[in-house]
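Single-letter residue listing:
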Amino acid sequence: MSALVVGLSHHTAPVTVLERAALSADAVEKLLADVHSAEHICEAVAVVTCNRVELYADVATFHGGVEEISSLLARHVQADLAELTSHLYVHYEDRAVAHLFEVTTGLDSMVVGESQILGQVREAYRLAEQSFIKDGV
């Protein structure tokens, strides 16, 4: 299994796209529920803030994981996949882990050093953990 992150942020998407992509807690739960039935995704955490929507996942295959995550994100943010793809970024294995550290330390924030993101990532992990327990995964 390999770490993969697919997402969009203030670096890659205009505010109008980020506003449309912002998911409520209920929508994140539905997204995570759909992850459970994905063929190439074993586990996932969705980090959703006002400036980013990212799905960190443990995937069986790179291409299958990117395809499934991109499709899931498009479906759940109610965007056309082709339109959304132009704003997505992908990080794999070591780069995915490094990106997570950049995000949690505030280095990838709109305001560098912003400390709220650590709590938001912690909450995203808690939601993902509850989702997997609830679904018996």
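Draft legend 1. Expanded view of the nonpolar core. Residues Leu8, Ile41, Leu55, Ile69, Leu73 and Leu84 are the most contacted members of the largest nonpolar core, which totals 42 residues. Looking at this core, the elements that each hand over two or more residues are strand 1 (2-9), helix 1 (15-21), helix 2 (25-36), strand 2 (41-49), strand 3 (52-59), helix 3 (62-76), helix 5 (94-104) and helix 6 (116-134). Those residues in contact with Leu8 that sit more than four places away from it in its chain are Ala13, Val17, Leu18, Ala21, Asn51, Arg52, Val53, Leu84, His87, Leu88 and Tyr89.

Draft legend 2. Representation of the sheet that holds strand 1. Here 4 strands make up an open sheet; going across it, the order is 2-3-1-4 and the pairing antiparallel. Each edge of the open sheet is held by one strand with a lone partner, namely strand 2 and strand 4 (89-92). Neighbour-to-neighbour, the strand axes of this sheet turn through a mean angle of 15°, independent of strand direction. Pairing of strand 1 with strand 4, which is carried by 4 bridges, proceeds in the antiparallel orientation.

Draft legend 3. Region of the structure containing the environment of Lys30. Tracing the backbone through its elements, the reader meets Lys30 in helix 2. Lys30 gets classed as exposed once you look at its relative accessible area, which sits at 56%. Between the C-alpha atom of Lys30 and that of Ala13, which follows or precedes it by 17 residues, the distance is 23 Å.

Draft legend 4. Looking closely at the pairing of strand 2. Pairing of strand 2 with strand 3 involves 8 bridges; the strand directions are antiparallel. Considered in strand 3, the bridge of Val48 is made with Val53. With antiparallel pairing between neighbouring strands as the criterion, strand 2 and strand 3 make up a hairpin whose turn holds 2 residues.

Draft legend 5. Seen up close, the layout of surface pockets. By volume, the largest pocket is sized at about 240 Å³. Lining the largest pocket are 14 residues, with Ala3, Val45, Tyr56, Ala57 and Leu100 positioned closest to its centre. Looking at the lining of the largest pocket, the elements with two or more residues in it are strand 1, strand 2, strand 3, helix 5 and helix 6. Of the residues contributing to the lining of the largest pocket, the split by class is 12 nonpolar, 1 polar and 1 charged.

Draft legend 6. Structural context of the pattern of salt bridges. Scanning the model with the defined rule gives 6 salt bridges in all. With a shortest N-O distance of 3.1 Å, Arg52 and Glu54 are connected by a salt bridge. In this structure, the salt-bridge partner of Arg126 is Glu123, at a minimum N-O distance of 2.3 Å. Linking Arg126 with Glu123, this pair stays in helix 6, spanning 3 residues, or about one helical turn. Judged by relative accessible area, which is 33%, Arg126 ranks as partly exposed. Judged by relative accessible area, which is 34%, Glu123 ranks as partly exposed. Overlapping salt bridges bring together Arg52, Glu54 and Asp108 as one network.

The rules we used
- Residues numbered from 1 in each chain as written.
- Predicted model: local features only at pLDDT ≥ 70, side-chain atom pairs only at ≥ 80, totals over all residues.
- Heavy atoms only, no water.
- Core = buried A, V, L, I, M, F, W, Y, C linked by side-chain atoms within 4.5 Å.
- Buried < 20%, exposed > 50% of the residue type's maximum accessible area, 1.4 Å probe, protein only.
- Helix = DSSP H or I, 4+ residues; strand = E, 2+ residues; numbered from the N terminus.
- Contact = heavy atoms within 4.5 Å.
- Pairing = 2+ DSSP bridges.
- Axes fitted to C-alpha atoms, helices over the stretch in contact; angles between N-to-C directions.
- 1 Å grid on protein atoms, 1.4 Å probe; cavity = no way out; pocket = protein on both sides within 12 Å on 5 of 7 lines; lining within 4 Å.
- Points joined across faces, edges and corners; volume = space filled by probe spheres on them.
- Nonpolar A, V, L, I, M, F, W, Y, C, P; charged D, E, K, R; others polar.
- Salt bridge = Lys/Arg side-chain N within 4 Å of Asp/Glu carboxyl O.

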